[in-house]
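These are the residues of each chain, in order.
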Amino acid sequence: MDKQGGESRRIILHDPADFEGMRRAGRLAAECLDMIAAHVRPGVSTGELDRILHEFMLAHDAVPATLGYRGYTKSSCISINHVVCHGIPGERVLAEGDILNIDVTPLLDGWYGDTSRMFVAGEPSTKARLLMDVTYEAMMRGIAAAKPGNTFGDIGHAIQSYAERHRFSIVRDFCGHGIGRTFHAPPNVLHFGRPGEGPELKPGMFFTIEPMVNAGRAEVKILDDGWTAVTRDRSLSAQFEHMVGITETGCEIFTLSPAGLHKPPYA
Ligand code: MF3
Ligand code: CO
Ligand code: CO
């Protein structure tokens, strides 16, 4: 990492042509999740879901940005139940009642798409449904705070205060990020914070908002595979992720579901 405050820490302000590139990458990312929804059911393996996503991205002239990223070898991240994020697709077969986050990152014409949603194999428990609903609403409240004149602290505060009001906890170890022609760019977008803190939001900023919310305590640990993050107390965790671009009046969400599959249930 370069020196904080140095040239490379500056937050890029994108122009209208950049918005168009990002719109296309974001739409394809959302379409990946729309497509995979019909495949999520008890009995399917996460490796099979990953293979389907891989083929879909290639068929749409995109490359999965996670392939080969810092040694990661899959085309998606699939995080089940107490897995917080960066679950590696493989042999694991979905069971009735599992909740899972699927996170996809197609690279299309030089622009990175990045979005995730929760899915359910069969029917979730009442607690799991509430956790997913609160996480989705927390993300949307963060997005509502994403407008010129506000700061990144306003976004984090909106997310944290909503989740904690429901006695859930916000994961501190992972954050959203600037995005565009780079996968992970400045700034770090924290999902907690205080109003008025942090950099001011300006038109042309592109970044993700991707809160991870735990039903129990906030602490996480990384498994021996070097990627899989789980809740230390093995409580359920949920996450949603959108990419936004700040406009003159608010923000544009680049990763809205064209099929209207915003949160479970999708059927
Ligand atoms: N998609 C994740 C994000 O939202 C990044 C995954 S990187 C991987 O930033 F290597 F774990 F796949
Ligand atoms: Co992201
Ligand atoms: Co992501």
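As a reminder, the structure under discussion sits directly above these lines.
The text that follows walks through the structure, step by step, so that each part is easy to find. (Residues numbered from 1 in each chain as written. Chains lettered and ligands numbered in written order. Predicted model: local features only at pLDDT ≥ 70, side-chain atom pairs only at ≥ 80, totals over all residues. Heavy atoms only, no water.)

**Remarks on the overall build of the protein**
Item 1. The helix and strand tally for the protein stands at 4 helices and 17 strands.
Item 2. Taking 2.2 N^0.38 as the reference for a compact globule, 267 residues should give roughly 18 Å; the C-alpha atoms of the protein span a radius of gyration of 17 Å, in line with that estimate.
Item 3. The C-alpha extent of the protein, read off along each of the three principal axes, is 45 × 45 × 35 Å.
Item 4. Looking at the protein as a whole, 56% of its 267 residues qualify as buried. (Helix = DSSP H or I, 4+ residues; strand = E, 2+ residues; numbered from the N terminus. Rg over C-alpha atoms; globule rule 2.2 N^0.38 Å. Buried < 20%, exposed > 50% of the residue type's maximum accessible area, 1.4 Å probe, protein only.)

**Some remarks on the coordination of the cobalt ion (ligand 2)**
Item 1. Protein coordination at the cobalt ion (ligand 2) comes from Asp-114 (OD), His-177 (NE2), Glu-210 (OE) and Glu-241 (OE), with a distance range of 2.0 to 2.2 Å.
Item 2. In this structure, the cobalt ion (ligand 2) is coordinated by 6 donor atoms arranged in irregular fashion, with angles at the metal of 50 to 160°.
Item 3. Mapped onto the sequence, the donors of the cobalt ion (ligand 2) take the spacing D-x62-H-x32-E-x30-E.
Item 4. Separating the cobalt ion (ligand 2) and the cobalt ion (ligand 3) is a distance of 3.3 Å, and Asp-114 donates to both of them. With His-177 in strand S9 (residues 176–178) and Glu-241 in the loop between strand S15 (237–239) and strand S16 (242–246), the pair connects residues that are 64 residues apart, well separated along the chain. Across the pair, Glu-241 and His-177 agree in class, each one buried. (Donors = N, O, S within 2.8 Å, 3.2 Å for Na, K, Ca; no water. Tetrahedral: all angles 85-135°; square planar, octahedral: opposite > 155°, others 65-115°.)

**Section: the pairing of strand S7 (residues 115–120)**
Item 1. In terms of burial, S7 is a largely internal element, 6 of the 6 residues being buried.
Item 2. Alternating positions in S7 separate into two faces, Thr-115, Arg-117 and Phe-119 on one and Ser-116, Met-118 and Val-120 on the other, with burial throughout.
Item 3. For strand S4 (residues 99–104) and S7, the ladder comprises 6 bridges, and the chain directions are antiparallel. By the bridge assignment for S7, Leu-100 is matched with Phe-119. (Pairing = 2+ DSSP bridges.)

**Re the packing of helix H1 (residues 16–36) against helix H2 (residues 46–59)**
Item 1. At a minimum axis separation of 10 Å, H1 and H2 run at an interaxial angle of 140°. When the axis of H1 is compared with that of H2, the two are oblique. When the axes of H1 and H2 are compared, the crossing they make is right-handed. Facing Leu-28, Glu-31, Cys-32, Met-35 and Ile-36 of H1, the residues of H2 in contact are Leu-49, Ile-52, Leu-53, Phe-56 and Met-57.
Item 2. Partitioned by chemical class, the residues of the contact of H1 with H2 number 9 nonpolar, no polar and 1 charged. (Axes fitted to C-alpha atoms, helices over the stretch in contact; angles between N-to-C directions. Parallel < 35°, antiparallel > 145°, perpendicular 65-115°, else oblique. Left-handed = near helix turned anticlockwise from the far one by under 90°. Contact = heavy atoms within 4.5 Å. Nonpolar A, V, L, I, M, F, W, Y, C, P; charged D, E, K, R; others polar.)

**Re the coordination of the cobalt ion (ligand 3)**
Item 1. Here the cobalt ion (ligand 3) is held by the protein donor atoms Asp-103 (OD), Asp-103 (OD), Asp-114 (OD) and Glu-241 (OE), which lie 2.0 to 2.3 Å from it.
Item 2. One way to put it: the 6 donor atoms around the cobalt ion (ligand 3) meet at angles of 59 to 167°, and that makes the site irregular.
Item 3. Mapping the donors of the cobalt ion (ligand 3) onto the primary sequence gives the spacing D-x10-D-x126-E.

**Comments concerning the nonpolar core**
Item 1. Of all hydrophobic cores here, the largest spans 70 residues; its most connected members are Leu-49, Leu-100, Ile-102, Phe-119, Ile-155 and Phe-207.
Item 2. Not counting residues within four places of it along the chain, the set of residues in contact with Phe-207 comprises Ala-146, Phe-152, Ile-155, His-177, Gly-178, Ile-179, Val-189, Leu-201, His-242, Met-243, Val-244 and Ile-246.
Item 3. Core analysis: the next-biggest nonpolar cluster, separate from the first, contains 7 residues, Val-84, Val-171, Phe-174 and Ala-229 among them. (Core = buried A, V, L, I, M, F, W, Y, C linked by side-chain atoms within 4.5 Å.)

**Considerations on the pairing of strand S2 (residues 77–80)**
On a regular strand, one side chain projects to one face of the sheet and the next to the other, so that they alternate.
Item 1. The side-chain alternation of S2 yields two buried faces, one formed by Cys-77 and Ser-79 and the other by Ile-78 and Ile-80.
Item 2. As defined by bridge partners, S2 adjoins S4 across 4 bridges and the pair is classed as antiparallel. Bridged to Ile-80 within S4 is Leu-100.

**With respect to the sheet that holds strand S8 (residues 169–170)**
Item 1. With respect to topology, 3 strands assemble into an open sheet ordered S8-S12-S15, the strand pairing being antiparallel. Where the open sheet ends on each side, the last strands, each with one partner, are S8 and S15.
Item 2. Taken together, the 2 bridges between S8 and strand S12 (residues 212–214) define a ladder with antiparallel strand orientation. Looking across to S12, one finds that Ser-169 is bridged to Asn-214.

**With respect to the environment of Glu-31**
Item 1. Its place among the elements puts Glu-31 in helix H1.
Item 2. Each C-alpha atom of the pair Glu-31 and Pro-258 lies 6.9 Å from the other, and the pair is 227 residues apart in sequence.
Item 3. Beyond its immediate chain neighbours, meaning those up to four positions away, Glu-31 contacts Phe-56 and Pro-258.

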